[in-house]
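# Architecture and fold: a report
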Amino acid sequence: MSTKISVVIPIYNEEENIHELHKRLTAVLENLSDTEGVSIDGHEIIMVDDGSTDNSWSIIKAINKNDTRVKGLSFSRNFGHHVSITAGLDYANGDAVVLMDGDLQDPPEEIPVLFEKLKQGYDLVYGIRQQRRDPVLKKVSSYLFWWLLRKFSGVDMPQGQTMLRIMSKRLVDAIKEMKEHARFIHGMMAWAGFRSITVEVKHAKRLKGNSKYNIPKMFRLAFSAITSFSTVPLRLATYTGFVTSFMSLIVGIYFIYLKIFHNIPVLGYASIMVSIFFVGGIQLLVLGIFGEYLGRTYQEVQRRPLYILKESLF
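In what follows, the accompanying structure is described. Note that this is a predicted model, so its numbers are computed, not measured.

Reading guide: rules and limits
Residues numbered from 1 in each chain as written. Predicted model: local features only at pLDDT ≥ 70, side-chain atom pairs only at ≥ 80, totals over all residues. Heavy atoms only, no water. Helix = DSSP H or I, 4+ residues; strand = E, 2+ residues; numbered from the N terminus. Buried < 20%, exposed > 50% of the residue type's maximum accessible area, 1.4 Å probe, protein only. Contact = heavy atoms within 4.5 Å. Areas by Shrake-Rupley, 256 points an atom, 1.4 Å probe, with all protein chains shown as cover. Salt bridge = Lys/Arg side-chain N within 4 Å of Asp/Glu carboxyl O. Core = buried A, V, L, I, M, F, W, Y, C linked by side-chain atoms within 4.5 Å. Axes fitted to C-alpha atoms, helices over the stretch in contact; angles between N-to-C directions. Left-handed = near helix turned anticlockwise from the far one by under 90°. Nonpolar A, V, L, I, M, F, W, Y, C, P; charged D, E, K, R; others polar. Pairing = 2+ DSSP bridges. Polar contact = N/O pair within 3.5 Å; in protein donor to acceptor, adjacent residues only side chain to side chain. Arc of directions from axis to C-beta. Phe/Tyr/Trp six-rings, centres within 6.5 Å; stacked < 30°, edge-to-face > 60°. Lys NZ or Arg CZ within 6 Å of the ring centre and 35° of its normal.

### Some remarks on the overall build of the protein
Within the protein, the secondary structure is distributed over 10 helices and eight strands. When burial is assessed residue by residue, the protein has 45% of its 314 residues classed as buried. Contacts spanning at least 24 positions in sequence make up 84% of the contacts within the protein whose residues lie at least 6 apart. Surface accessibility of the protein: about 16800 Å² in total, with carbon and sulfur atoms responsible for 59%.

### Observations concerning the pattern of salt bridges
It is possible for side chains of opposite charge to pair when their charged atoms get near one another. Taken as a whole, this structure holds seven salt bridges when the rule is applied. Its salt-bridge partner being Asp67, residue Arg69 comes within 3.0 Å of it at the nearest N-O pair. When salt bridges with common partners are traced through the structure, they connect Glu30, Asp67 and Arg69 into a single cluster.

### Details of the nonpolar core
One recurring pattern in soluble globular proteins is that nonpolar side chains are buried together. By size, the foremost hydrophobic cluster in this structure holds 39 residues, and its most contacted members are Leu89, Leu99, Leu149, Met167 and Phe184. Per-element accounting of this core gives the leading share, five residues, to helix 8 (residues 215–229). Ranked by size, the runner-up nonpolar core spans 33 residues in total, among them Ile9, Trp57, Met100 and Val125.

### Considering the packing of helix 1 (residues 18–30) against helix 2 (residues 56–66)
The geometry of helix 1 relative to helix 2 is characterised by a closest axis approach of 10 Å and an angle of 35° between their N-to-C directions. With respect to the hand of their crossing, helix 1 and helix 2 are arranged in right-handed fashion. For the pair helix 1 and helix 2, contact is made by Ile18, His19 and His22 and by Ser56, Ile59, Ile60 and Ile63, respectively. The residue inventory of the contact of helix 1 with helix 2, partitioned by class, reads four nonpolar, three polar and no charged.

### Some words on the pairing of strand 3 (residues 70–75)
Counting buried residues along strand 3, six of its six residues qualify, which places the element largely inside the surrounding structure. With three bridges connecting them, strand 3 and strand 8 (residues 309–312) associate as antiparallel partners. Paired with Phe75 across the bridge in strand 8 is Leu309.

### So, the side chain of Glu14
Its location among the elements puts Glu14 in the loop between strand 1 (2–11) and helix 1. Given the relative accessible area of 6%, Glu14 is considered buried. Within the structure, the side chain of Glu14 is placed 2.6 Å from the side chain of Asn17, a separation counted as a polar contact.

### Quick word on helix 2
Within helix 2, the full set of buried residues consists of Ser56, Trp57, Ile59, Ile60, Ile63 and Asn64. The arc that holds every buried residue of helix 2, seen down its axis, measures 160°, which confines them to one face. Counted as exposed and oriented over 90 degrees from the buried face of helix 2: Lys65 and Asn66.

### A closer look at the packing of aromatic side chains
The geometry of an aromatic ring pair is captured by two quantities: the separation of the ring centres and the angle between the planes. Applying the stated criterion to the full structure yields three aromatic pairs. Arranged with centres 5.3 Å apart and planes meeting at 20°, the rings of Phe75 and Tyr307 form a pair that is stacked. With a gap of 232 residues between them, Phe75 in strand 3 and Tyr307 in the loop between helix 10 (269–302) and strand 8 connect regions that are remote in the sequence. Each member of the pair Phe75 and Tyr307 is classed as buried. Each ring, one from Tyr91 and one from Phe314, has its centre 5.0 Å from the other, and the planes form 45°; the classification is tilted. Note that Tyr91 is positioned in helix 3 (residues 81–91) and Phe314 in the segment after strand 8, a separation of 223 residues in sequence. By way of ring pairs, the aromatic residues Phe75, Phe79 and Tyr307 are connected into one cluster. The cationic tip of Arg77 hangs over the ring face of Phe79; the distance from NZ or CZ to the ring centre is 3.9 Å. One Lys or Arg, Arg195, reaches over the ring of Tyr122 and ends 4.1 Å from the middle of that ring.

Set out below in structure tokens:
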């Protein structure tokens, strides 16, 4: 059986890393050896430029002129990391598809390890960091990110996974069938339910440049992922309303008891104001959760394209 390998890489302002990425990745893919029952039938590298403001796209085009195995897609604007991955998967035609970021924190040299597992019959092989080489704040925020997702998304996703992974063609085809605008690729892969396994891989420091995911972006992504895959926030809103109403009933009965049986008047302007603001805050929170789901519904019924291409190297 011959296997063609596609590598999908979302790119956003990575001009300092692209040449080194291409050099190391090409060396790895060219040295992937045939094994019993599986032969390597070439490879393609798909770099998706997500509206970069630096020279990333110019560098990708220059590489393509010398190496036609490097393909490229350029968006008309920034559509987001997970939409970039979606576009790459749409154009990938390999029998096995590797996903990785362009910052070289996930070394391309780990791809053969993932490929060996894929050949054992798995449809998805996750790369799990052996040791995360990031600042402490990034480690903590990443841990909270994955904890929230595992706790509330309703989808079983491995903790500590990297973007580096390899997938079978049938899993890629399944993901292509998912057309929702609220894209969270990690969850979509896990939701598909195919046979998967985790493999520990090395994690390096970022070669050059800065991370594009800060803490606010990570938590926005976490909330987006949770509301995309679960109705838990809606149930929490219901439970919060029930508990608040029950507590108010108990407190009200207690005040009536004090007045009737002990003739103790209920005083306190401050307590009344605190109660009003507390209930008002809960109401706004619940409305915000409802609004988030309603907004997602609105986006879906608009049926706009997930992305718009400005240029293509296919």
